[in-house]
Amino acid sequence: MSTHGSTKARVLHWFVRGGTVKGPDGRAFPIDVDPLVVGRDPGAQIVLDDAEVSTLHCELSATDNGILVRDLTSTNGTFIGSTRIREAVVTMPTVLVLGGTQLTVEPATKQRVEVGFADHFGPLVGTSPRMRRVFGVLEKVSKTPLGVLLVGEAGTGKELAARAVHASSARAGKPFVVVDCSSIPPALAESVLFGHEKGAVAGATERRKGALAEAHEGTLFLDELGDLPMDLQPKVLRVLQERHAKRLGATSFEPADVRIVAATRRDLGPAMNAGRFRSDLFFRISQVRVELPPLRDRLADLPLIIEDICTKVGRAEHAATVIAWVEQNLSSHDWPGNVRELFNVASAAASLADTPGAIDDVLTLSRSGDDGMNGTTTAFGEAKRAAVADFEKEYFVALSKRAKGNVSEMARQSGMERHHVRAYLRKCGIEK
């Protein structure tokens, strides 16, 4: 893409309103774009010795409009005066009450935050200041051994970001192993992560490596980290500390030097406060926490993303048509499915751009599955369904061939989640 030039020397700026927060001892902590976590846990940025304060109590961050204060589902609540808040934007000096502790938040005038000039990182694209900052942080952290936690709604591209971090790291030539913690049956979770010896578990007819050993010297991507079973969390932490793992039924350890990049679409603060997730593992993995913003918060990025989607599906010549159509017909849409939803809509629109009138009903067709005419069957509706089906079949057959049937690779190339790729493969009758 022509806009993806190398411009590392140039820097853009993002103007946000931050400030400081003063603890009970009078020390002042700067509030920046990255969340400042307050709580009793030693891993918090501001640690409070107060039994009425939760493990992770609240967090503060700078935004365009003021300081965002967000309660992390604490037990006793975060208060401004007598009002208990879940989330509030502070624009003037304010006293927060957490348990028996008071914190004074003092907003400053807008400050300039430097963001990288790059409009992409790996397959992720965007020109908004928030995304440029994300790209800059990911590029820097990818060169380090630090653990990374990617936070964001479904469809924001967390796995794509994880793959890009791996590809830009010193471990790029080594394995990138994916474990979706939300899809592992609890009874098999330890075997999936640590492997097993023959006969160690029911149905184990042969010795099997676990994901930790498979990712040795590479990167292990733990998707939906919050679903990692509680009994495995200390074992995973021990692997990160000691760099070796033991299979189920084994008597000796094997090397497991892995870097973990994890992702979650849920706030893990409540899980830690409730004792369902270990805070020591959380802080070990989230040495750098990066939030991928929802598409509704970066609508200015739509043209570049659509251009990128049209190129990926082999319809680059239709990008201008699809951009104009989205701007005209979906200007008030908030894209709850984020980039994944945009991919589905834009790729279908690009495939129908040569059919007069057909593009106007792509959104209705994609959501309802009918022809947009109150469920009636028309020649027009049938023609559109056939066109979309032909495009899907052609696209996923070619994608499967390029990726040699590897679903994770197909997900990376298409910008889709793995379960959506599998659904399309089943729909199109394509064997992996």
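Residues numbered from 1 in each chain as written. Predicted model: local features only at pLDDT ≥ 70, side-chain atom pairs only at ≥ 80, totals over all residues. Heavy atoms only, no water.

Engineer: Can you tell me about the overall build of the protein chain, naming the residues and giving the values?
Structural biologist: Per the secondary structure count, the protein chain includes 14 helices and 22 strands. A buried classification covers 50% of the 432 residues belonging to the protein chain. In the protein chain, of all internal contacts separated by at least 6 residues, the share reaching a separation of at least 24 is 62%. Approximately 20,200 Å² of the protein chain is accessible, and the part contributed by carbon and sulfur atoms is 50%. (Helix = DSSP H or I, 4+ residues; strand = E, 2+ residues; numbered from the N terminus. Buried < 20%, exposed > 50% of the residue type's maximum accessible area, 1.4 Å probe, protein only. Contact = heavy atoms within 4.5 Å. Areas by Shrake-Rupley, 256 points an atom, 1.4 Å probe, with all protein chains shown as cover.)

Engineer: Account for the sheet that holds strand β18 (residues 219-223), with residues named and values stated.
Structural biologist: Taken in spatial order, the five strands make up an open sheet running β15-β18-β21-β14-β22, and their pairing is parallel. Each edge of the open sheet carries a strand with a single partner, namely β15 (176-180) and β22 (288-291). Neighbour to neighbour, the strand axes of the sheet diverge by 20° on average, direction disregarded. Strand direction decides the pairing type here: strand β14 (residues 148-151) and strand β21 (residues 259-264), joined by four bridges, are parallel. Directly across from L149, in β21, lies its bridge partner A262. The sheet strands contacting helix α1 (residues 129-142) are β14, β21 and β22, and the helix crosses β22 at an angle near 150°. (Pairing = 2+ DSSP bridges. Axes fitted to C-alpha atoms, helices over the stretch in contact; angles between N-to-C directions.)

Engineer: Give a description of the packing of helix α8 (residues 302-312) against helix α10 (residues 338-352) that names residues and reports values.
Structural biologist: α10 packs onto α8 with a crossing angle of 60° between their chain directions and a minimal axis gap of 9 Å. Classified by the angle their axes make, α8 and α10 are oblique. Here the hand of the crossing between α8 and α10 comes out right-handed. When α8 is examined against α10, the residues L302, I305, I306, I309 and C310 are found in contact with a partner set consisting of V339, L342, F343, A346, S347 and A350. A class-by-class count of the residues in the contact of α8 with α10 yields ten nonpolar, one polar and no charged. (Parallel < 35°, antiparallel > 145°, perpendicular 65-115°, else oblique. Left-handed = near helix turned anticlockwise from the far one by under 90°. Nonpolar A, V, L, I, M, F, W, Y, C, P; charged D, E, K, R; others polar.)

Engineer: Describe in detail the side chain of S191, supporting the description with residues and values.
Structural biologist: One can find S191 in helix α3 (residues 189-194). Those residues in contact with S191 that sit more than four places away from it in its chain are H196, R208, G210 and L248.

Engineer: So what's going on with the packing of aromatic side chains? Which residues, and what values?
Structural biologist: Evaluated as defined, the whole model comprises five aromatic pairs. Here F176 and F221 contribute two aromatic rings whose centre-to-centre distance is 6.1 Å and whose plane-to-plane angle is 20°, an arrangement assigned as stacked. Of this pair, F176 sits in strand β15 while F221 sits in strand β18; the two residues are 45 residues apart in sequence, bridging distant segments of the chain. Per residue, the accessibility class of F176 equals that of F221, and both read buried. With 5.2 Å between their ring centres and 80° between their planes, F282 and F283 make a pair best called edge-to-face. (Phe/Tyr/Trp six-rings, centres within 6.5 Å; stacked < 30°, edge-to-face > 60°.)

Engineer: I'd like to hear about the sheet that holds strand β5 (residues 58-62), residue by residue, with values.
Structural biologist: Two strands in a sheet stick together by hydrogen bonds in their backbones, pointing the same way (parallel) or opposite ways (antiparallel). Pairing in this open sheet of five strands is mixed, and the strands run β4-β3-β5-β6-β9 from one edge to the other. Only two strands of the sheet have a single partner each, and these edge strands are β4 (46-47) and β9 (87-90). Pairing of strand β6 (residues 67-71) with β9 involves four bridges; the strand directions are antiparallel. Considered in β9, the bridge of I67 is made with V90.

Engineer: Can you break down helix α5 (residues 233-242) residue by residue, with the values?
Structural biologist: Here α5 has its buried residues at Q233, V236, L237, V239 and L240. Buried residues of α5 fall within an arc of 155° about the axis and therefore sit on the same side. R243 lies just past α5 and shows a positive phi near 60°. (Arc of directions from axis to C-beta.)

Engineer: Can you lay out the pattern of salt bridges for me, pointing to particular residues and giving the numbers?
Structural biologist: Under the definition given, this model contains 21 salt bridges. With a shortest N-O distance of 3.1 Å, R171 and D257 are connected by a salt bridge. Of the two residues, R171 sits in the loop between α2 (158-167) and β15 while D257 sits in the loop between β20 (254-255) and β21, which places them 86 residues apart along the sequence. One salt bridge connects R278 with D280, and the closest N-O pair in it is separated by 2.7 Å. What makes R278 partly exposed here is its relative accessible area of 28%. In this structure D280 comes out as partly exposed when scored by relative accessible area, which is 34%. (Salt bridge = Lys/Arg side-chain N within 4 Å of Asp/Glu carboxyl O.)

Engineer: An account of the packing of helix α13 (residues 407-414) against helix α14 (residues 418-427) is requested, with residue identities and associated values reported.
Structural biologist: Contact geometry for α13 and α14: axes closest at 9 Å, N-to-C directions at 105°. Accordingly, the angle class assigned to the pair α13 and α14 is roughly perpendicular. Of the residues in α14, those in contact with V407, S408, M410, A411 and S414 of α13 are R418, V421, R422 and L425. Here the residues of the contact of α13 with α14 are counted per class, giving five nonpolar, two polar and two charged.

Engineer: Can you explain the pairing of strand β3 (residues 36-39)? Please cite residues and give values.
Structural biologist: Side-chain alternation along β3 places L36 and V38 on one buried face and V37 and G39 on a second face that is also buried. Relative to β5, β3 runs antiparallel, the two being bridged by three bridges. Directly across from V37, in β5, lies its bridge partner E59. In this sheet, β4 lies alongside β3 in parallel orientation, the contact comprising two bridges. Considered in β4, the bridge of V38 is made with I46.

Engineer: Run through the nonpolar core, naming residues and quoting values.
Structural biologist: Among the nonpolar cores identified, the biggest contains 38 residues, and L193, L220, L222, L225 and I260 are the most heavily contacted of them. Among all residues touching L193, those that are not within four sequence positions of it are V179, G210, A211, L212, L220, L222, L228, L232 and V236. Ranked by size, the runner-up nonpolar core spans 37 residues in total, among them V322, W325, V326 and A346. (Core = buried A, V, L, I, M, F, W, Y, C linked by side-chain atoms within 4.5 Å.)

These values are about where atoms sit, not about what they do.
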